[in-house]
Amino acid sequence: MLRALRALHPRRHFLAGLLIAALPLALTTPASAETAPSPARGTARMGMGVLTHDGQSGVPADTRAAHTEGVDVSSHQGNVDWPTLWGSGVRWAYAKATEGTYYTNPYHAQQYNGSYDVGMIRGAYHFATPDTAAGATQADYFVDHGGGWSQDGRTLPGVLDIEWNPYGDACYGKTQSAMVSWIRDFLNQYKARTGRNAVIYTATSWWTQCTGDHAAFAAANPLWIARYAPTAGTLPTGWSSYTMWQYTSSGPTVGDHDKFNGALDRVVALANG
């Protein structure tokens, strides 16, 4: 190719030189500019989009006198070392049970029962995919595959994990009003099936973008806020305080660590309903 360029008419030598100089860039740019592929369906986990969309600006001070330490886990962690977490002061845990209507966590039994067996108060969460099935349908799938509730003092109400879509459009292709309707249908069906109001896990920026900062759920549904910073920051409208706060994805033993807004007796109170 270089020989062909040099054979051009002399008046075109300048253009040929530019083309030759650009060859290395032209040969290497496509590979480096490729868009990263979407993750496989089912691999989404709580807080998956926080670092990408909201970033991280530090961690909170150790406030265990006023907060109770917790963790959230999914198949990403595999079999979890629950005795080590208990020894580090973790007293509650949530395990991913389901996603959409197409995925159940293969490690759910070890995570959900293992945390209980070492003495923790535990619960299950559902990663919502509003573009794949209706809210009520996903609530039924969640309850039927590990997301139920029992009044044993050790089981927390289920969590609706509603956040950035890791597989496509951040708001799952829904308008703000359609997203609010989807969330309402999920929450209503979950309560009809279990008698409990589900916890809503979200980030303020996603909630504002995709629901228009809708405030009506705050009266009944506890808030689990996601923010990797020294403070929980501004909450979605309607909630004057958070119940839980996911504050990092890089903690010891298990990366995703959380604070419950209160001492252990408040965790027990939420479990009891």
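For the structure, see preceding data.
These remarks concern the structure in this document. This structure is a prediction, so every number in the text was calculated from the model and none was measured.

Time to look at helix α6 (residues 135–144). Within α6 the residues assigned to the buried category are G135, Q138, A139, Y141, F142 and V143. Of the residues trailing α6, G146 is marked for its positive phi of about 105°.

Interaxial distance between α6 and helix α7 (residues 176–194) falls to 7 Å at its minimum, and their mutual angle equals 40°. Between α6 and α7, the angle falls in the class oblique. The element α6 and its partner α7 pack so that their crossing is right-handed. Note on element contacts: α7 touches α6 through W182, D185, F186, Q189, Y190, R193 and T194, opposite G135, A136, Q138, A139, D140, F142, V143 and D144. In terms of residue class, the contact of α6 with α7 is made up of seven nonpolar, four polar and four charged.

Before going further, it helps to spend a moment on the side chain of T98. Relative to the assigned elements, T98 resides in strand β2 (residues 92–99). Within the local environment of T98, its side chain forms a polar contact with the side chain of H126, the two groups lying 2.6 Å apart. Those residues in contact with T98 that lie beyond four places of it in its chain are Y103, T104, Y125, H126, F127, Y141, F142 and H145.

The next thing to look at is the pattern of salt bridges. When the charged atoms of two side chains lie near each other, side chains of opposite charge can form a pair. Under the counting rule described, the total for this entry stands at five salt bridges. E69 is the partner of K259 in a salt bridge, and the nearest nitrogen-oxygen pair spans 3.4 Å. Within this pair, whereas K259 is found in strand β9 (residues 257–260), its partner E69 is found in strand β1 (residues 68–73), the two being separated by 190 residues in sequence. Of the two residues, K259 and E69, neither departs from the other in class, the shared state being buried. Connected via shared salt-bridge partners are D140, D144 and R193.

What counts and how
- Residues numbered from 1 in each chain as written.
- Predicted model: local features only at pLDDT ≥ 70, side-chain atom pairs only at ≥ 80, totals over all residues.
- Heavy atoms only, no water.
- Buried < 20%, exposed > 50% of the residue type's maximum accessible area, 1.4 Å probe, protein only.
- Helix = DSSP H or I, 4+ residues; strand = E, 2+ residues; numbered from the N terminus.
- Axes fitted to C-alpha atoms, helices over the stretch in contact; angles between N-to-C directions.
- Parallel < 35°, antiparallel > 145°, perpendicular 65-115°, else oblique.
- Left-handed = near helix turned anticlockwise from the far one by under 90°.
- Contact = heavy atoms within 4.5 Å.
- Nonpolar A, V, L, I, M, F, W, Y, C, P; charged D, E, K, R; others polar.
- Polar contact = N/O pair within 3.5 Å; in protein donor to acceptor, adjacent residues only side chain to side chain.
- Salt bridge = Lys/Arg side-chain N within 4 Å of Asp/Glu carboxyl O.

Note that all results are geometric; they support no functional claim without further evidence.
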